[in-house]
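If you want the building blocks of each chain, they are given just below.
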Amino acid sequence: MNNPLLQKFSTYNGTAPFSKIKNKHFKPAFLEGIKNAKKEIDAIIKNKSIPSFENTIEALEFSGQQLDRISSVFFNLNSAETNDEIQQIAQEISPLLSEFSNDITLNEELFKKVKLVNEIKNELNLNAEQDMLLTNKYKSFVRNGANLNEAQKIELRKIDAELAKLKLKFGENVLAETQDFELHITTKEQLNGLPEGVIEAAEIVAKQKEKEGWVFTLDYPSYVPFITYAEDRNLRKKMSLAFGAKAFQNNKNDNQQIVLDLINLRYKRATLLGYNSHAHFVLEERMAETPSNVITFLNDLLEKAKPAAIQELHKLTELAKKDGINNLEKWDSAYYSEKLKKELFDLEEEKLKPYFKLENVIDGVFQISNKLYDLNFEEIYTIDTYHDEVKTFKVTDTCGNYIAILYADFFPRKGKRNGAWMTSFKSQWKKGNENSRPHISIVCNFTKPTKTKPSLLTFNEVTTLFHEFGHALHGMLANTTYPSLSGTSVYWDFVELPSQVFENWCYEKEALNLFAKHFETNEVIPMDLIAKIKKSSNFLEGMQTLRQLSFGMLDMEWHSKNPSAIKNVKEFELASFKNTQLFPDVKENCMSTSFSHIFQGGYSSGYYSYKWAEVLDADAFALFLENGIFDKQTASNFKKQILEKGGTDKPMDLYINFRGKKPTNEALLKRAGLTK
Ligand SMILES: [Zn+2]
């Protein structure tokens, strides 16, 4: 068949032949890929030899590679360059893919073989990476119930189906409640304080709804600026109350019972599989390992951040008093924070942008990667891409060895989803003497150049580029045997270390000197601007930390205990917030009923990861600060112990190998200005 997705990719270094791939190729390629992957699995099952690490675990690891390549091309396109047809194919193909992966994890004959190998594990003389691969493969069956008896298996499937339904319903309710509310304004005075762009957007929304004036909604792009800038306190209150009451109004969209059902089912599922709680189940595959580690971690940060938070709240209260407000409420927080920020910093984004021309920032990222990890980047114009705007680079080390292909896709356009992300078109792996190098991509939505001006980035966009590039380094420098352990395939609370640590260079004079030059005058960014950036990045850090901690603690409260006695969602939440709330409680509001991260998405027992990752990156960067931010030895250690290693070992062990000790909260608290 003449389907480019099913032929060997023979263009530049095996990169995907995008210009030859048409939408009509995807579905037949997926079907063929699944068929071939099934054949490979069948061959493992039918193999008559005694199950061994090689003929079972390794064979399983390298099965379905064709399907993986097709999937990564397709799903990356669906994120970065999609259209109705691609979305339609995704709808059709997704159930087939999950059916295929269920066929593997629920396959009893295959599990028997994996289990046999796992039982003789100690006699096999495995290295750390092989050990990790075997554990992961074995666990992927067991965590889906492979060790249960028939009745228990049926029970587990029932729970899973019920959970999937409840999560979906939870999300639908939040969405319905978000869409049901609008704030319709017809008097101009009520817009006082709002930036021009926000008013324009509200006017467009009003027009779409065939209404006069302006309409604000509970969608973030409308809600957040309103609550931050609107001078009319009553309207801020109205918006804030509506936002906090989502799915907590005893109507058909109410989520209270769904929350209780979800946590009870999750608990039941975990205990069925032999775990103490849902959090114990989740954290088994995390760097943090246990609920008590997470709780200790959050409590320690709380103790350190709380005094600062109270001081900051005091400052806001004083500022509000000038407006005659004597008791600060939730709906005043963002508004007076913004006011205080203006008073303290007056950091205008427009003044910074000329120093951050996109081409200069890219050059900076490359120079820093060269100084740290000896990488060179050469733009290649002959690599096939999915859009003209995508740039491609060949990455080599200073000895000229080929390391990776890097794709970079910077600007927004129709068919690209929001935000910024790193992904790969091909992961890295080794077989025999071959070290097959990865094809990595970063996708962003940066300010576009105009006819007269180049692309000038906001500082936020600069840190975003560094962040995604940090992930890309993790992918590009991967040097493992098995693709499922390669690059960013690490435990979830470890994956943001390489990305966040790389952001630190954006705040250092020595690094900024390399690239932050005025696009017209070539003048290097002045020191006082750098100082302002640093200071403003810690603005109200205490209050913000408390907010994050309150969410992390609520998440752990819901998931780390037997929940059968919990009857009232709001009461339970209030008790959990006891030590973290700075503002008076609002009885009409509830956080849990719209806490989609943990009840709809995949963050249950994982919300702490945001702070956890910050602690890791601050602690890791502290070593660079001690030894010099371009110290070769420190960088080389980070590369060897962290970036090259992927998920081949326990993250804590990898970290200690780099750092010489476990991470502590001190460096983060210091960087955030929460300790002296
Ligand atoms: Zn990230």
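My aim in this report is to walk through the structure given alongside it, one point at a time.

Rules behind the numbers
Residues numbered from 1 in each chain as written. Predicted model: local features only at pLDDT ≥ 70, side-chain atom pairs only at ≥ 80, totals over all residues. Heavy atoms only, no water. Helix = DSSP H or I, 4+ residues; strand = E, 2+ residues; numbered from the N terminus. Rg over C-alpha atoms; globule rule 2.2 N^0.38 Å. Buried < 20%, exposed > 50% of the residue type's maximum accessible area, 1.4 Å probe, protein only. Contact = heavy atoms within 4.5 Å. Areas by Shrake-Rupley, 256 points an atom, 1.4 Å probe, with all protein chains shown as cover. Lys, Arg positive; Asp, Glu negative; His and termini not counted. Charge placed at Lys NZ, Arg CZ, Asp CG, Glu CD. Salt bridge = Lys/Arg side-chain N within 4 Å of Asp/Glu carboxyl O. Arc of directions from axis to C-beta. Donors = N, O, S within 2.8 Å, 3.2 Å for Na, K, Ca; no water. Tetrahedral: all angles 85-135°; square planar, octahedral: opposite > 155°, others 65-115°. Pairing = 2+ DSSP bridges. Phe/Tyr/Trp six-rings, centres within 6.5 Å; stacked < 30°, edge-to-face > 60°. Lys NZ or Arg CZ within 6 Å of the ring centre and 35° of its normal. Polar contact = N/O pair within 3.5 Å; in protein donor to acceptor, adjacent residues only side chain to side chain. Expected span 1.5 Å × (residues − 1). Axes fitted to C-alpha atoms, helices over the stretch in contact; angles between N-to-C directions. Parallel < 35°, antiparallel > 145°, perpendicular 65-115°, else oblique. Left-handed = near helix turned anticlockwise from the far one by under 90°.

Focus on the overall build of the protein
So, step 1. Summing up its helical and strand segments, the protein has 27 helices and 9 strands in all.
So, step 2. Here the C-alpha radius of gyration of the protein, 26 Å, is about what a compact globule of 676 residues would show, namely 26 Å.
So, step 3. Taken over the C-alpha atoms alone, the protein extends approximately 85 × 65 × 55 Å along its principal axes.
So, step 4. Counting the 676 residues in the protein, one finds 53% classified as buried.
So, step 5. Contacts in the protein between residues far apart in sequence, at least 24 positions, make up 74% of those at least 6 positions apart.
So, step 6. Accessible surface, the protein: about 31,500 Å² in total, of which carbon and sulfur atoms supply 50%.
So, step 7. The averaged location of the 91 negative side-chain charges in the protein is 1 Å from the averaged location of its 87 positive side-chain charges.

Section: the pattern of salt bridges
If the charged atoms of two oppositely charged side chains come close together, the side chains can form a pair.
So, step 1. Overall, the coordinates contain 39 salt bridges when judged by the stated rule.
So, step 2. In this structure, Lys38 engages Asp103 in a salt bridge whose closest nitrogen and oxygen atoms are separated by 4.0 Å. Of this pair, Lys38 sits in helix α1 (residues 23-46) while Asp103 sits in helix α4 (residues 84-105), and the two are 65 residues apart along the sequence.
So, step 3. A salt bridge links Lys165 to Glu162; its shortest N-O distance comes to 4.0 Å. With Lys165 and Glu162 both in helix α7 (residues 150-180), this residue pair falls 3 residues apart, about one helical turn.
So, step 4. Its relative accessible area of 57% is what places Lys165 among the exposed residues.

Structural notes on helix α22 (residues 569-577)
So, step 1. Those residues of α22 that fall on the buried side of the exposure criterion are Val569, Lys570, Phe572, Glu573, Ser576 and Phe577. Down the axis of α22, the smallest arc covering the buried residues is 160°, so these residues share one side. Facing away from the buried side of α22 by over 90 degrees, the exposed positions are Glu571 and Ala575.
So, step 2. Next to the buried residues of α22 lie α11 (256-272) and α21 (541-559).

Remarks on the coordination of the zinc ion
So, step 1. Coordination of the zinc ion by the protein involves His467 (NE2), His471 (NE2), Glu496 (OE) and Glu496 (OE), with metal-donor separations of 2.1 to 2.8 Å.
So, step 2. One way to put it: the 4 donor atoms around the zinc ion meet at angles of 51 to 138°, and that makes the site irregular.
So, step 3. The motif formed by the donor residues of the zinc ion, counted along the single chain, is H-x3-H-x24-E. With a gap of 25 residues between them, His471 in helix α17 (residues 459-476) and Glu496 in the loop between α17 and α18 (497-503) connect regions that are remote in the sequence.
So, step 4. Its relative accessible area of 26% is what places Glu496 among the partly exposed residues.

Re the pairing of strand β6 (residues 421-426)
So, step 1. Most of β6 is tucked away, with 5 of its 6 residues classed as buried.
So, step 2. Where β6 and strand β9 (residues 439-443) come together, 5 bridges link them in antiparallel fashion. When the sheet's bridge partners are listed, Trp421 is paired in β9 with Val443.

Here's the deal with the packing of aromatic side chains
So, step 1. Under the defined criterion, the tally for this structure stands at 51 aromatic pairs.
So, step 2. Ring geometry for Phe26 against Phe74: centres 4.9 Å apart, planes inclined by 65°, an arrangement best described as edge-to-face. With Phe26 in helix α1 and Phe74 in helix α3 (residues 65-80), the pair connects residues that are 48 residues apart, well separated along the chain.
So, step 3. Assessed through its relative accessible area of 0%, Phe74 is described here as buried.
So, step 4. Between Phe297 and Trp612, the ring centres sit 5.0 Å apart and the planes meet at 65°, which makes this aromatic pair edge-to-face. Residue Phe297 is found in helix α13 (residues 291-321), and its partner Trp612 is found in helix α24 (residues 609-627); the two are separated by 315 residues along the sequence.
So, step 5. The ring of Phe630 has Lys371 sitting right over it, with the charged end atom 5.1 Å from the ring centre.

Thoughts on the environment of His25
So, step 1. With respect to the helices, strands and loops of the structure, His25 is situated in helix α1.
So, step 2. Classification of His25 by relative accessible area gives buried; the value is 11%.
So, step 3. Those residues in contact with His25 that sit more than four places away from it in its chain are Asn2, Asn3, Pro4, Leu5 and Lys20.

Some remarks on the side chain of Glu177
So, step 1. Tracing the sequence through the fold places Glu177 in helix α7.
So, step 2. Lys252 provides the closest opposite charge to the buried, salt-bridge-free Glu177, at an N-O distance of 6.8 Å.
So, step 3. A polar atom in the side chain of Glu177 sits 2.9 Å from the backbone nitrogen of Ala247.
So, step 4. Residue contacts for Glu177: discarding those within four places in its chain leaves Leu218, Ala245, Lys246, Ala247, Phe248, Gln249, Asn251 and Asn253.

A short note on α24
Every α-helical turn comprises 3.6 residues, leaving residues that sit three or four positions apart pointing alike.
So, step 1. In this model, α24 (19 residues) spans 27 Å end to end at C-alpha, consistent with the 27 Å of a helix rising 1.5 Å per residue.
So, step 2. Summarising burial for α24: 14 of the 19 residues are buried, a large majority.
So, step 3. Two residues or fewer after α24 comes Gly628, characterised by a positive phi angle close to 110°.

Comments concerning the packing of helix α9 (residues 220-229) against helix α10 (residues 233-244)
So, step 1. It is the contact of α9 with α10, at a shortest axis distance of 10 Å, that shows an interaxial angle of 140°. By the angle class used here, α9 and α10 are oblique. The crossing of α9 and α10 is left-handed. On α10, the residues that touch Tyr220, Tyr223, Phe226 and Ile227 of α9 are Leu235, Arg236, Met239, Ser240 and Phe243.

Side note on the environment of Leu67
So, step 1. Tracing the backbone through its elements, the reader meets Leu67 in helix α3.
So, step 2. Between the alpha carbons of Leu67 and Lys209 there is a distance of 45 Å; along the sequence they are 142 residues apart.
So, step 3. Not counting the four nearest positions on each side in its chain, Leu67 is found in contact with Phe30, Gly33, Ile34, Ala37, Leu97 and Phe100.

Let's talk about unusual backbone geometry
So, step 1. The backbone of Asn13 shows a phi angle near 50°, a positive value even though the residue is not glycine.
So, step 2. Inspection of the secondary structure puts Asn13 in the segment before α1.
So, step 3. Even without being a glycine, Glu289 presents a positive backbone phi close to 70°.
So, step 4. If you trace the backbone, Glu289 turns up in the loop between α12 (278-283) and α13.

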